[in-house]
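For reference, the chains in residue letters:
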Protein chains: 2
Amino acid sequence: MPARSDACLAALAAAFPPAALLQGADIPARNLQDTSYLPTEAPLAVLRPDTPEGVAEVMRICAAHGVAVVPQGGLTGLAGGAHPIAGAVMLSLERLAGIEEIDPAAATMTVRAGTPLEVIQRAADDAGFFVALDLGARGSCQIGGNLGTNAGGNRVIRYGMAREMVLGLEYVLPDGTLVTSLNKMIKNNAGYDLKQLFIGSEGTLGVITRAVLRMQPKPGCVNAALCGMDSYGDVVALLGQARRGLGPMLSAFEVMWADYWHEATVTVGVRSPLGGAHPFYVLIEAQGLSEDIDGPRFQSWIESQFEAGLIADAAISQSMADVGAFWATRDACSEFGSRLGPHVAFDVGLPVAVMDDFAQACKARLADRVPDAFSVYYGHIGDGNLHLIALSKGAQVQPMTQISAAVYETVRDFGGTVSAEHGIGLLKKPYLGYTRTPQELALMRRLKAAIDPQGILNPGKVFDMEEGA
Amino acid sequence: MPARSDACLAALAAAFPPAALLQGADIPARNLQDTSYLPTEAPLAVLRPDTPEGVAEVMRICAAHGVAVVPQGGLTGLAGGAHPIAGAVMLSLERLAGIEEIDPAAATMTVRAGTPLEVIQRAADDAGFFVALDLGARGSCQIGGNLGTNAGGNRVIRYGMAREMVLGLEYVLPDGTLVTSLNKMIKNNAGYDLKQLFIGSEGTLGVITRAVLRMQPKPGCVNAALCGMDSYGDVVALLGQARRGLGPMLSAFEVMWADYWHEATVTVGVRSPLGGAHPFYVLIEAQGLSEDIDGPRFQSWIESQFEAGLIADAAISQSMADVGAFWATRDACSEFGSRLGPHVAFDVGLPVAVMDDFAQACKARLADRVPDAFSVYYGHIGDGNLHLIALSKGAQVQPMTQISAAVYETVRDFGGTVSAEHGIGLLKKPYLGYTRTPQELALMRRLKAAIDPQGILNPGKVFDMEEGA
């Protein structure tokens, strides 16, 4: 262990009680890996301060000793943004948890970074409100990580990304400065909107300690339909009709390609709510104000699309159980890991109009490059977000690099993004240049150098400081 | 004229045709002043490139000669952000105008920075969509300025600020680098969201050249009510009820204090839709999907609030003419300049719960400090945005500094913002520290220094680089 690490550890041990400083065998396995499942590396220590000032103190001590710091939330990230770095201090926010205030007049909630998303959702619900951010990892992910990665989820089409839910933010800069800006107002044009820099930068510019979140009114009712569609052109036309006909009530517009549908209903075995087979399936959800008015309105809107010939077949929810059953076809992808075996999962974004062209081009390129290539497509297409999984059938070890290159090169060809919602972290770093120009990358590096001149906060994540590295 | 200015002008003249370079008496008066009405200063020249590359070339030449550049949009800003700087090049975007593309599938529009907002609104309308950004200066303001200042407006409660409407952005950095990032996807988490830095930084970090805007579906119907309210507590309670009962259809929640109401209906003479007098008046607007369903729903919701005793009196719109008549009471403030004489107008933000306490404290402090002080209060309170005007009755010259200090000190006491939507520019620069902490100001300066190390882009706007300047 280099001398500066020894001195840093000694300074941290002098400043923090044992509960806040874990080393060696005392470090729980859960602090050593995120959901990228990259090979574990041994950190210097795990620090778990329970106040914003404590987070600032960790950062200040590490900065003084030139020791790298990796912020840790719930470690549910898929791209490796919170993956441990050998010899670095892991700064876990897990003990900086809890809800500080709920302001019903402003419809805001002030939370500590280590609070699990589900705790926040429940607290809002208890207060008669709704926090729109939702994702599969809700029970274990933490709000600090959700904001640090600008999490998305199923209802972005209506409520926006995590970024749109933040009114105020507190964070610690790489030099240990605590910046507190817990604004509650929707409008605040007093100087630069600094919080935007720290949302979605994957812990490379600052460590989020607290946030003021917007709360929404609870929806009064939820209706859904599962539609069989004859062509991708009909899917795009239906999205346009849904935007008009359902307006701000449209809360999800999910598309599943036929190959996905087969895996979901046959391989995974989710019951299909529809009789026949179609090239495309659309799950539409609308959150209304009251079932007596919005239920019949949703039903008659779906019927009008059927009568106009846009929808080939449809099942309309008659109960929340139906809504759940429809979503089960879309959530079947969470079983793909166990049913389809090792595969590579992608979270790309594309302009809505070209998504099917992309899917066809991607399949063709995979067939060219990968033996026995297999891929299925599905996603939140109303938001321009397409998920896909790809694999080489029967391969013991998946050719990850070939598969990734084939997919991301096709994304580049169609003007898409290599990450719509999961972030870049470590896994997608080689492909960031497929979506961002050299000018953008240079500006990212310039900002990183300005805010973290020592390069000690989550170094090597998202991009490397050396061009072409 | 210093030598570097001569050399800069010569280089500009060599690079641009006469239509793009105006000097001396050829400069139209409109390019010499924005709507802050600060005393005019003589620029070196006005440059009017008509391509993004031309904007980059102006910036590159000025950077090479160390000559300051002030970006100019429609010059409708009230805070002085685009006020000319003596000896600087005024970089007008007026010839970089027009709509480049409308993508109905993505519901996006790609526009050039110099396009007037009203042209954009009409183009969206022609394409069957709706651009939610709207403000009084729509006919002359330009989208580049709207984005550079993160414009607000009347329907932020439903659609958000200008920032929320931007998917992609192109801008020129102070060294002349053109950064093109015309993303159309709602979700794009590939590295830092750089555009956020250039939205709302009032032309101090870059010059916006093009943008991709989100379009919304057109509302199917609009309903409104004008309500007389007995107390501010009732106003806050009604806002909570409106969020729940009208959900995402709620498109405006405007409050007018009794003093404002008197000036609007007596001094300006707008007809009151209500019979009696009340301490507070609320204008509620909801944008629905179809009049047959949402008209009766709105009416019955208002009636239920009346029956519950929350609303003391109400007029409900029966036609778009009624909606217009209700808005006339709120728009009467545009006549205050001519009816009340010289006054100081404020655009502050406060947590919703404390707005009336603020108004009372502000009146008291003004009464203490300003002879024959008079002030009236109104605003978009659902967004935390309060407007007020204040003056010393009968004073030939208004004591601007005393009035401003009294108001902004009260804003500081209540944890508010000195600018909710108009920006800081020059006029509010002395008060930025009332809303932002020293740590935030230091970070703003650090970003400015990193992106504009020469300090040549709109220098001295928003904040000074020297602490305490």
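Structure's up top.
Residues numbered from 1 in each chain as written. Chains lettered and ligands numbered in written order. Predicted model: local features only at pLDDT ≥ 70, side-chain atom pairs only at ≥ 80, totals over all residues. Heavy atoms only, no water.

## Section: helix α3 (residues 117-126) of chain A
Residues and elements named next belong to chain A.
Step number 1: Turning to α3, its buried residues are Leu117, Ile120, Gln121, Ala123 and Ala124. Taken end-on, α3 shows its buried residues confined to a sector of 165°, consistent with a single buried face. The exposed residues of α3 that point more than 90 degrees off its buried face are Arg122 and Asp126. (Buried < 20%, exposed > 50% of the residue type's maximum accessible area, 1.4 Å probe, protein only. Helix = DSSP H or I, 4+ residues; strand = E, 2+ residues; numbered from the N terminus. Arc of directions from axis to C-beta.)

## Some words on the interface of chain B and chain A
Step number 1: Each partner contributes residues to the interface: chain B has 94 residues there, and chain A has 94 residues.
Step number 2: At the boundary of chain B with chain A, total buried surface from both sides reaches about 7,000 Å², with 61% on carbon and sulfur atoms.
Step number 3: If you sort the residues of chain B by the area they bury against chain A, Lys187(B), Asn189(B) and Tyr192(B) come out on top, with a joint share of 15%.
Step number 4: For Arg446(A), the salt bridge goes to Asp175(B), with nearest N and O atoms at 3.5 Å.
Step number 5: Across the chain B-chain A interface, the total number found is 45 residue pairs in polar contact (both at pLDDT 80 or more).
Step number 6: For the side of chain B that touches chain A, the secondary structure elements donating two or more residues are α5 (156-159), β9 (178-181), α6 (195-198), α7 (232-246), α9 (291-307) and α14 (438-451) of chain B.
Step number 7: Counting residues per element, the side of chain B that touches chain A draws most heavily on α14(B), at 9 residues.
Step number 8: Looking at side-chain class alone, the side of chain B that touches chain A contains 45 nonpolar, 31 polar and 18 charged residues. (Contact = heavy atoms within 4.5 Å. Buried area = accessible area lost by both parts, 1.4 Å probe. Salt bridge = Lys/Arg side-chain N within 4 Å of Asp/Glu carboxyl O. Polar contact = N/O pair within 3.5 Å; in protein donor to acceptor, adjacent residues only side chain to side chain. Nonpolar A, V, L, I, M, F, W, Y, C, P; charged D, E, K, R; others polar.)

## A few points about empty space enclosed by the protein
Step number 1: For the structure on display, the rule yields 10 cavities of 30 Å³ or more.
Step number 2: Of the voids in this model, the second largest cavity is the one considered here, and its volume is about 80 Å³.
Step number 3: Along the walls of the second largest cavity sit 13 residues, with Gln196(A), Leu197(A), Asp193(B), Gln196(B) and Leu197(B) positioned nearest its centre.
Step number 4: Its residues placed into classes, the lining of the second largest cavity shows 7 nonpolar, 3 polar and 3 charged. (1 Å grid on protein atoms, 1.4 Å probe; cavity = no way out; pocket = protein on both sides within 12 Å on 5 of 7 lines; lining within 4 Å. Points joined across faces, edges and corners; volume = space filled by probe spheres on them.)

## With respect to the pairing of strand β14 (residues 280-288) of chain B
All names here are of chain B.
Step number 1: Burial analysis of β14 places 9 of its 9 residues in the buried class, which makes it a mostly covered element.
Step number 2: Neither face of β14 is exposed, since Phe280, Val282, Ile284, Ala286 and Gly288 on one face and Tyr281, Leu283, Glu285 and Gln287 on the opposite face are all buried.
Step number 3: In this sheet, β14 lies alongside strand β12 (residues 221-229) in antiparallel orientation, the contact comprising 9 bridges. Bridging across to β14, Ala224 finds its partner in Glu285.
Step number 4: Two strands pair when backbone bridges link them, and strand β13 (residues 250-257) and β14 are joined in this way by 7 bridges, in the antiparallel orientation. (Pairing = 2+ DSSP bridges.)

## Section: the sheet that holds strand β16 (residues 344-349) of chain A
All names here are of chain A.
Step number 1: Taken in spatial order, the 7 strands of this open sheet run β15-β12-β14-β13-β17-β18-β16, and their pairing is antiparallel. Each edge of the open sheet carries a strand with a single partner, namely β15 (313-316) and β16. Along the sheet, successive strands turn relative to each other by an average axial angle of 15°, direction set aside.
Step number 2: Strand direction decides the pairing type here: strand β17 (residues 373-380) and strand β18 (residues 385-392), joined by 8 bridges, are antiparallel. Within β18, the position partnered with His380 by the bridge is Asn385.
Step number 3: Contacts from helix α7 (residues 232-246) reach β12 (221-229), β13 (250-257) and β14 (280-288), with the element oriented near 175° to β13. (Axes fitted to C-alpha atoms, helices over the stretch in contact; angles between N-to-C directions.)

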